[in-house]
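Residue-level listing of the chains:
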Amino acid sequence: MRTAIATVSISGDLREKLAAIAAAGFDGIEIFENDFLAFDGSPRDAGQLVRDHGLEIMLFQPFRDFEGMPEPQRARVFERAERKFDLMGELGAELMLVCSNVSPLCLGGIDRAADDFAELGERAVRHGIRIGFEALAWGRHVNDHRDAWEVVRRADHPSVGLVLDSFHTLARKLDPGSIRSIPGDRIFFVQLADAPRIDMDLLYWSRHFRNMPGEGDLDVLGFMRAVAATGYDGVVSLEVFNDQFRGGSPRTISVDGHRSLLYLLDQVKRTEPRVAFSVPAMPDRIAVSGIEFIEFAADQREAGELGGLLRQLGFRRAGHHIAKDVELYRQGGINIVVNSEPEGFAHSSYLMHGTAVCDLGLKVEDAAATVERARALGADLFEQPVGPGELKIPAIRGVGGGIMHFIDDRSDLGRVWEIEFDPVEDSQAPAEVGLLSIDHIAQTMRYEEMLTWLLFYTSIFRTHKTPMVDVVDPAGLVRSQVIENAEGSLRITLNGAENRRTLAGRFITESFGSAVQHIAFHTGDIFATWERLTDRGFEPLEISPNYYDDLGARFALDGERLERLRTANILYDRDEHGEYFQLYSPNHGEGFFFEIVERRGGYGGYGAANAQFRIAAQKRALERKSVPLALGQR
Ligand code: MG
Ligand code: MG
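Okay, so let's go over this structure. Each chain has its residues counted from 1, running along the sequence as written. Following the order in which they are written, the chains are lettered starting with A and the ligands numbered starting with 1. The model is predicted, so local features are restricted to residues of pLDDT at least 70 and side-chain atom pairs to those at 80 or more, both for listing and for counting; the totals for chains, interfaces and linings are taken over all residues. Think of the side-chain values as coming from all heavy atoms in the structure, minus any hydrogens and water.

Attention now goes to the coordination of the magnesium ion (ligand 2). For Na, K and Ca the donor cutoff is 3.2 Å, while for all other metals N, O and S atoms must lie within 2.8 Å; water is not among the atoms, so some sites may look incomplete. Around the magnesium ion (ligand 2), the protein contributes the donor atoms His440 (NE2), His518 (NE2) and Glu595 (OE), at 2.2 to 2.3 Å from the metal centre. Mapping the donors of the magnesium ion (ligand 2) onto the primary sequence yields the spacing H-x77-H-x76-E. Within this pair, whereas His518 is found in strand β22 (residues 515–523), its partner Glu595 is found in strand β25 (residues 593–601), the two being separated by 77 residues in sequence. Only protein chains enter the accessibility calculation, which uses a 1.4 Å probe; a residue whose area is less than 20% of its type maximum is buried, one above 50% is exposed, and one in between is partly exposed. With a relative accessible area of 7%, His518 lands in the buried category. Using a relative accessible area of 1% as the deciding quantity, one classes Glu595 as buried. By definition, any uninterrupted DSSP run of H or I lasting at least four residues is a helix, any uninterrupted run of E lasting at least two residues is a strand, and each is numbered from the N terminus.

The structure is reproduced here in structure tokens:
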């Protein structure tokens, strides 16, 4: 399988784009005329530059408003085409994309269009060029790939074929299954893009909101499976118009793009019985059963403070690392590691971000396979020297620069706590408060990074995303999207901050980059947990009394129940399946906090409706007093 990406998909000048595209592992590009209009060399130089990067120009585009024109316009479009053929010759491009005519002058008529293409094909052959016809979703007469295919079929010229574009087919809700009846050798090129489902003008949607396969809501997999069924084994290319990508890092967007293609093609290979193209071998998406541990980096003093905080939450010190300044805290099935080593990754994380989560340990089905899949999808592996008696725990770099380790039960990895930690008798061990497991973690990032994280999690692990929701912070919107597994034992919320004045934005500014902003623990009885915490001096985040007045009205809660919630500062939500209770710790430093939740019945959400009240309370608290422990502060 050969992969390509349209140069318009990413930012930068031509040189920057080519460097990023080549580094991400693509075989070639689709070149847009505008890309070298701004370039300071000749078309021949541009072509050479592409080849110098080890890339090939796989498509030249676009050639617009061609078919079905009346005279004298018809003669002129053929002259225009001849000039483009010359240009393509200099560039070293062999395939030209002609998109369906949108001109009000276009006369329509399948046979008229077919005749025009037959003639264009005849002229193209003399230049060694082939023509691909693409139906734009907003084409005047041809706006459906089935009609474009009929034009190509009737043109009946070996140099005229079809270009398929997932956006144009799926945006118009056309059945991608209809592609299965097209012969694979008549499809000259395949362009892929996904998009979030938004009800808007097709052209505007296409030009601004496309994204990488797997990042949006369209059935790009169904589309590509249909393409594969035809026997197509040509180029698969990304053509993604997205305002954010055009302002983003060319390297990150290229890496995401290549990852999205490999992920998609791997899925196609697993679900379509006969596929003509080859895809790099990799293990299937990895099942994750949950978060095995969360590791904080801290200095000695703050490690002590963090330990005090964890004790207040009912954690006991359960182990000390055999060789390092690393402590293990435990409650229920939760493992929290506090690393205050003066060297190594945790220390460099501490220097960069202050006391913060530096490492997540995921419990997976197969740790070695996880790393193999992540590597195949372009993730960076992570290794640091292992001391005597320590395990070599497979790890990769996450998106925000943090580390992710993988534990499984297939090897000694499952016994890491016995092998690497000496048990500790904690003389100050507190009584547990009923925390059982990690319900979810919330990672905060700049809004532009969200799709990168989303693709990272969903392509490597057997997880899915839920629709994005807007969370209102008094200073602006925060977008929130959930990644979870089918069992609900792995839940990660991604929060994208659009500006630095929101609580989330302030957190990433102060902690120098995206990071875990809160950890939510699960309890089986939130009121009992609250009582035990109160006995230990825990003061929850104070919620406005107005919230409870509104809550009583919204859910018709009886007075007694409402009073219990109000007294304990517990937030409440309900969906068609069950109920949700949330209790928050104060903010630590610039906005890190703990949350305690209880789910009753099959409640599957995260209390999104409560988020704005929680944020308002946190902002009030931040203004009133500072809380010890500078989590998230340098
Ligand atoms: Mg296209
Ligand atoms: Mg939460």
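Our next topic: the pairing of strand β23 (residues 571–574). Between any two strands, pairing holds if DSSP finds at least two bridges. Sheet topology places β23 next to strand β24 (residues 578–584); four bridges connect them, and they run antiparallel. Across the sheet, the residue bridging to Asp573 is Tyr580, located in β24.

Here we take up the sheet that holds strand β12 (residues 334–339). With respect to topology, eight strands assemble into an open sheet ordered β14-β15-β13-β9-β12-β11-β10-β16, the strand pairing being mixed. Each edge of the sheet is formed by a strand with only one pairing partner; in this case those strands are β14 (395–397) and β16 (421–423). Taken over all neighbouring pairs, the strand axes of this sheet differ in orientation by 30° on average, direction set aside. Direction of pairing for β14 relative to strand β15 (residues 403–407): antiparallel, over a ladder of three bridges. Each bridged residue has a counterpart across the sheet, and for Ile396 the counterpart in β15 is Met404. Contact definition: two residues touch when any of their heavy atoms are within 4.5 Å. For helices, the fitted axis covers only the stretch in contact; all axes are lines through C-alpha atoms, and the angles between them, taken along N-to-C directions, range from 0 to 180 degrees. Across the face of the sheet, helix α12 (residues 300–312) comes into contact with β9 (288–297), β10 (316–321), β11 (326–331) and β12 while running at roughly 165° to β12.

Right, let's talk about the sheet that holds strand β6 (residues 160–165) for a bit. Strand order in the closed barrel formed by eight strands is β1-β2-β3-β4-β5-β6-β7-β8, with parallel pairing between adjacent strands. Averaged over all neighbouring strand pairs, the angle between strand axes comes to 30°, with direction disregarded. The pairing of strand β4 (residues 95–99) with strand β5 (residues 130–134) spans five bridges and is parallel. Of the residues in β5, the one forming a bridge with Cys99 is Glu134. Of the strands in this sheet, β2 (28–32), β3 (56–63), β4 and β5 are in contact with helix α4 (residues 73–91), which crosses β3 at around 160°. Against the sheet, helix α11 (residues 250–271) contacts β1 (2–6), β7 (187–192) and β8 (235–238), and its axis sits at roughly 135° relative to β8.

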